[in-house]
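Tertiary structure, described
Residues per chain, in single letters:
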Amino acid sequence: MASAVVLATPLRLASSRRWRFSADLRAEPPSCLPSRMGASASFPTAAATVPKILDDSVIEPYGISDYIERSRELIKPDGGPPRWFSPLECGARGTDSPLLLYLPGIDGTGLGLIRQHQRLGKIFDIWCLHIPVMDRTSFEGLVEYVERTIKSQKSCSVNKPIYLVGESIGACLALAVAARNPDFDLVMILANPATSFSKSQLESVSTFLGILPEPLHVTIPYFVNFITGYHLTFRGLPDNFNDMLADLSFLVDILPKESFVWKLYLLKSAALFVNSRLHVVKAQILILASGRDQLLPSREEAERICSNLPNCRIRHFKESGHTMFLESGIDLVTIIKGAGYYRRSSQIDYVSDYLLPTPLEFQQATEIYRWFDLATSPVMLSTLQNGEIVKGLMGIPSEGPTLLVGYHMLLGLELGIMFSRFFTEKRIHLRGLAHPFMFNRASELLMPDSSSFDGHRLMGAVPVSATNFYKLLSMKSFVLLYPGGAREALHRKGEEYKLFWPEKSEFIRMTSKFGATIIPFGVVGEDDMCDVLLDYEDLVKIPFYDTLNKRINQDGVRLRTDTVEEVGNQDLYPPILLPKIPGRLYFLFGKPIETRGRSEELRDRRQAQQLYIHVKSEVENCMAYLKEKREKDPYRNLLPRLLYQTTNGFTTEVPTFEI
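Residues numbered from 1 in each chain as written. Predicted model: local features only at pLDDT ≥ 70, side-chain atom pairs only at ≥ 80, totals over all residues. Heavy atoms only, no water.

1. A look at the overall build of the protein chain
Formally: Only DSSP runs of H or I covering at least 4 residues are called helices, and only runs of E covering at least 2 are called strands; the numbering of each starts at the N terminus. Relative accessible area decides the class of each residue, using a 1.4 Å probe on protein chains only: under 20% of the type maximum gives buried, over 50% gives exposed, and in between gives partly exposed. What makes two residues a contact is simply this: any of their non-hydrogen atoms within 4.5 Å. Note that accessible areas follow from Shrake-Rupley with a 1.4 Å probe, and for residues the cover is restricted to the protein chains shown.
Within the protein chain, the secondary structure is distributed over 22 helices and 19 strands. By the burial criterion, 55% of the 659 residues in the protein chain qualify as buried. A separation threshold of at least 6 residues defines the contact pool for the protein chain, and within that pool the share at least 24 residues apart is 82%. Surface accessibility of the protein chain: about 29000 Å² in total, with carbon and sulfur atoms responsible for 55%.

2. A word on the pattern of salt bridges
This is how it is decided: Whenever a carboxyl oxygen of Asp or Glu lies within 4 Å of a side-chain nitrogen of Lys or Arg, that contact is scored as a salt bridge.
In total, this model carries 33 salt bridges according to the counting rule given. Across the pair E594 and R596 runs a salt bridge whose closest N-O atoms are separated by 3.5 Å. By relative accessible area, which is 32% here, E594 ends up partly exposed. Accessibility expressed as a relative area gives 56% for R596, which makes it exposed.

3. Description of the packing of aromatic side chains
The cut-off we apply is this: Pairing of aromatic side chains here covers Phe, Tyr and the six-membered ring of Trp, requires ring centres within 6.5 Å, and sorts the geometry by plane angle: under 30 degrees stacked, over 60 edge-to-face, intermediate tilted. Criterion for a charge above a ring: Arg CZ or Lys NZ at most 6 Å from the ring centre, at most 35 degrees from the ring normal.
Taken as a whole and judged by the stated rule, the model has 21 aromatic pairs. Look at F124 and Y342: their rings are 5.4 Å apart centre to centre, the planes differ by 80 degrees, and that puts the pair in the edge-to-face class. Of this pair, F124 sits in the loop between α2 (117-121) and β4 (125-130) while Y342 sits in the loop between α10 (332-339) and α11 (359-376), and the two are 218 residues apart along the sequence. In this structure, F124 and Y342 share a single accessibility class: buried. The interplanar angle of 55 degrees and the centroid separation of 5.8 Å between the aromatic rings of Y407 and Y497 together place this pair among those described as tilted. Taken together, the residues span a long stretch of sequence, with Y407 in the loop between β11 (402-406) and α12 (415-426) and Y497 in the loop between α16 (485-489) and α17 (508-513) at a distance of 90 residues. Each member of the aromatic cluster is reached from another via a ring pair, and the members are F422, Y482, F521, F587 and F589. One residue, R431, lies across the ring of Y354, its end atom 4.2 Å from the ring centre. The aromatic ring of F500 is capped on one face by R487, whose charged end is 4.1 Å from the ring centroid.

4. Let's talk about the side chain of S512
By the secondary structure assignment, S512 is in helix α17. Judged by relative accessible area, which is 3%, S512 ranks as buried. Those residues within four positions of S512 in sequence are excluded, and the remaining contacts are T595, R598, S599 and L602.

5. What to know about the environment of G329
On the secondary structure map, G329 appears in the loop between β8 (312-317) and α10. Measuring from C-alpha to C-alpha, the distance between G329 and E319 comes to 9.6 Å, with ten residues separating the pair along the chain.

6. Some words on a nonpolar patch on the surface
Put simply, the rule is: Patch definition: residues with relative accessible area over 30% and no salt bridge; like charges joined within 9 Å; nonpolar side chains (Val, Leu, Ile, Met, Phe, Trp, Tyr) joined within 5 Å.
Taken together, the side chains of L533, I576 and L578 present a nonpolar region at the surface, about 250 Å² in accessible area. You can see L578 is positioned in strand β17 (residues 576-579).

7. Comments concerning the confidence of the model for the protein chain
Note that predicted coordinates carrying low pLDDT should not be read in detail. Here is the rule we go by: Confidence scores labelled pLDDT are given residue by residue by the predictor and lie between 0 and 100.
Overall, the prediction assigns the protein chain a mean pLDDT of 85, with 83% of residues at 70 or greater. Between residues 1-16, whose pLDDT stays under 50, and residues either more than four places distant or in other chains, the model counts 26 contacts. Between residues 34-50, whose pLDDT stays under 50, and residues either more than four places distant or in other chains, the model counts 24 contacts.

8. Some details on unusual backbone geometry
Cis peptide bonds are those with omega within 30 degrees of zero, and the linkage from G400 to P401 qualifies with 5 degrees. Note that P401 resides in the loop between β10 (389-391) and β11. Positive phi values are uncommon outside glycine, yet Y497 reaches one of about 70 degrees.

9. A few points about helix α19 (residues 545-552)
Put simply, the test is: The arc in question is the one traced by the directions running from the helix axis out to the C-beta atoms.
Among the residues making up α19, those that are buried are Y545, N549 and I552. All buried residues of α19 lie within an arc of 65 degrees about the axis, which places them on one face of the element. Where α19 is buried, its residues contact α13 (441-446) and α18 (536-539).

10. Side note on the environment of D125
Turning to its location among the elements, D125 is positioned in strand β4. Separated by 38 residues in the primary sequence, D125 and Y163 have C-alpha atoms spaced 9.7 Å apart.

11. Remarks on empty space enclosed by the protein
Under the convention used in this document: A pocket, in this scheme, is an open set of points on a 1 Å grid over the protein atoms alone with protein on both sides within 12 Å along at least 5 of 7 lines, while a cavity is a set where a 1.4 Å probe fits but cannot get out; residues line either one if an atom lies within 4 Å of a point. Grid points are joined across faces, edges and corners, and a volume is the space filled by probe spheres set on the points.
Summed over all chains, the structure comprises four cavities of 30 Å³ or more. Looking at the largest cavity, its volume works out to about 160 Å³. As for the largest cavity, its lining consists of 14 residues, of which K337, G340, D353, Y354 and R457 are closest to the centre.

12. Let's talk about the packing of helix α3 (residues 139-153) against helix α4 (residues 169-180)
Here is the rule: Axis geometry follows a simple rule: fit a line to the C-alpha atoms, using only the stretch in contact for helices, then measure angles between N-to-C directions, giving values from 0 to 180 degrees. Here a crossing is called left-handed whenever its near helix is offset anticlockwise from the far helix by less than a right angle, and right-handed whenever the offset is clockwise.
For the pair α3 and α4, the least separation of the axes is 9 Å and the interaxial angle reads 65 degrees. Every pair of crossing elements has a handedness; the one defined by α3 and α4 is right-handed. Contact residues: α3 offers F139, L142, V143, E144, V146, E147 and I150, while α4 offers C172, L173, A176, V177 and R180.

13. Some words on the side chain of N181
The line we're drawing: Two N or O atoms form a polar contact when they lie within 3.5 Å of each other; inside protein one atom must be a possible hydrogen donor and the other a possible acceptor, and for residues adjacent in sequence the pair counts only when both atoms belong to side chains.
Structurally, the position occupied by N181 is in the loop between α4 and β6 (186-191). Looking at N181, its side chain comes within polar contact range of the main-chain oxygen of V177, at 2.9 Å. Apart from residues lying up to four places away in sequence, N181 is in contact with E147 and K151.

14. Observations regarding the packing of α4 against helix α8 (residues 257-275)
Condition: Classification convention: Asp, Glu, Lys, Arg as charged; Ala, Val, Leu, Ile, Met, Phe, Trp, Tyr, Cys, Pro as nonpolar; all other residues, Gly among them, as polar.
The N-to-C vectors of α4 and α8 enclose an angle of 35 degrees; their axes lie 9 Å apart at closest approach. Crossing angle aside, the handedness with which α4 passes α8 is left-handed. Judged by residue contacts, I169, C172, L175, A176 and R180 of α4 engage L266, L267, A270, F273 and V274 from α8. Across the contact of α4 with α8, the residue classes tally to nine nonpolar, no polar and one charged.

15. Considering the pairing of strand β5 (residues 162-167)
Stated formally: Note on pairing: two strands pair once DSSP finds at least 2 bridges between them. Viewed with both strands pointing away, a crossover whose connecting path from the first strand over the helix to the second turns clockwise is right-handed.
Burial analysis of β5 places six of its six residues in the buried class, the great majority of the element. Residue alternation in β5 divides its side chains into two sets, I162, L164 and G166 and Y163, V165 and E167, and both sets are buried. As defined by bridge partners, strand β3 (residues 99-103) adjoins β5 across five bridges and the pair is classed as parallel. Within β5, the residue paired with Y102 across the bridge is V165. As paired strands, β5 and β6 are joined by six bridges and run parallel to one another. Considered in β6, the bridge of G166 is made with L190. Remark: the β5/α4/β6 crossover connection has right-handed handedness.

16. Some details on the nonpolar core
Counted only if it meets this: Put simply, buried Ala, Val, Leu, Ile, Met, Phe, Trp, Tyr and Cys residues joined by side-chain atoms within 4.5 Å make one nonpolar core.
Of all hydrophobic cores here, the largest spans 97 residues; its most connected members are F139, L186, M188, V281 and L288. In terms of residues, this core owes the most to one element, α4, which gives ten residues. With near-sequence residues (within four places) excluded, M188 lies in contact with L164, A174, L175, A178, V281, A283, Q284, I285 and L286. Counting 59 residues, the second-largest nonpolar core is a separate cluster that includes I396, L415, F587 and L602.

Shown next, in the form of structure tokens:
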């Protein structure tokens, strides 16, 4: 059995070798491979005392021209069968990184992820499948090859999932492997699966392809779109005609007419093979569906597959074409992180599996709150240890573990501003304990956009649970907790600024175990933003709403079902709001409450309950202070703020009341 790495003859000078080949189809797949040749690992230094809150590593950009250049090297005929290679730019393999197998589309080069290699290489061990131009391995043969690879790697990936990223026919290949091996722990990212081949334009292409002399077959618009990512209908031809001719020449090399005919046959057999076995697939699946796919009805096919597979979710990309991974606006790592699909073990751990956002991810996640921030000109106040209230966040400690406990405004209007302000002003990354609804597949199906909660996951939200709370505190995190939960965030008419906390302490003893600092806070201003026109009590009186109500409030997303207190009435609902001309939001973070050294004292339930009541009263005091003080704010209303900013600049901080 071949367990050593089989290196191909260098395709360029030895100094420019960009990948490492594994054993080929004729041999057994290699066992655990060594780290990539020429790559070096980076390790934290002793001087790195300040925890990072962003992944600010530099990524070298790659594009279509790099894809074409490197493909020319790979497609040189060598008479060999399909084989794996690992791009050197992916970097050194991490010890806990899951294996990711990339299964290419009809081009077969294995370079379809070239734009993603460096980012993916930071969190995965990447192998790409290369299928030579003249190879005629059947679809079943390819399935068996991938199966053997996975089985050989299971010993190196104990309790780890294996990722299959496939596009077009590669997605069919991944589904076929999952159908034949339901016990494999697979996470599959499938872009525009070709399971809809019978409904696509490609069948019509195959009918008249035989009458076109070579190389005129590459002039078929669908063909050009399929291979290069050019969208002739929407983006036009390349600006440089000579470049276009060179690219068409490349297409002749990568898929001569004989190979193209064979690939169309493979597509047809792949679709038939998978569709007859789709019902037995159990793997975790994320389908990426393009809205401008000129070859396949990808949006409709994604919905069909998702409706048949209970462990499947969808992300739609309205402006993308068929070869989305070659498009500049697609970041596969961001997609995986946002969907909550990155894990290093058999079950996702939202704390230890969390990956820091990049500057671009932070910008995108907070962009929707930027205009809200500008419109409301939030006032941020904090309290020093001596009890003095000051402007800004000076009263917030710089180190964790810290627990922020406060009032949850209607629809969580305060969240985006809090996260962005703490991030930019204090370099603090808040980790919110969120309702399970935000992580539930059924919830995504109810939302107009299935990616509605991806931004929250990117910024570190975790499902609320005692286990996750414990893990976050043990990592000295800044944790955001709302004891009133959904009952506060979806309160009824006339209930603004009312706390719906449980009667008994829920967080004091665990907080004291880690010596965490508790910061009570209040926020007011929702009544200057909108009024609740229809609340839950109104909606349940509307005919047919009960059907939607049952779908929203299923057993899987309910909390505190064992309590008779009002906080247990956590029926989720979409409140109908009457917007107002935006007023102003006011935040006050109270005096920090230390629990360090009080672990033994607070193990006593009575002592813990007293501190719990004190924290709750501090939150109420913060809101009472803000409601009183805002009456004296000359810039509480929008017009005075606009006049001030027109005179002093829109980036200038608007004054507020005297403290």
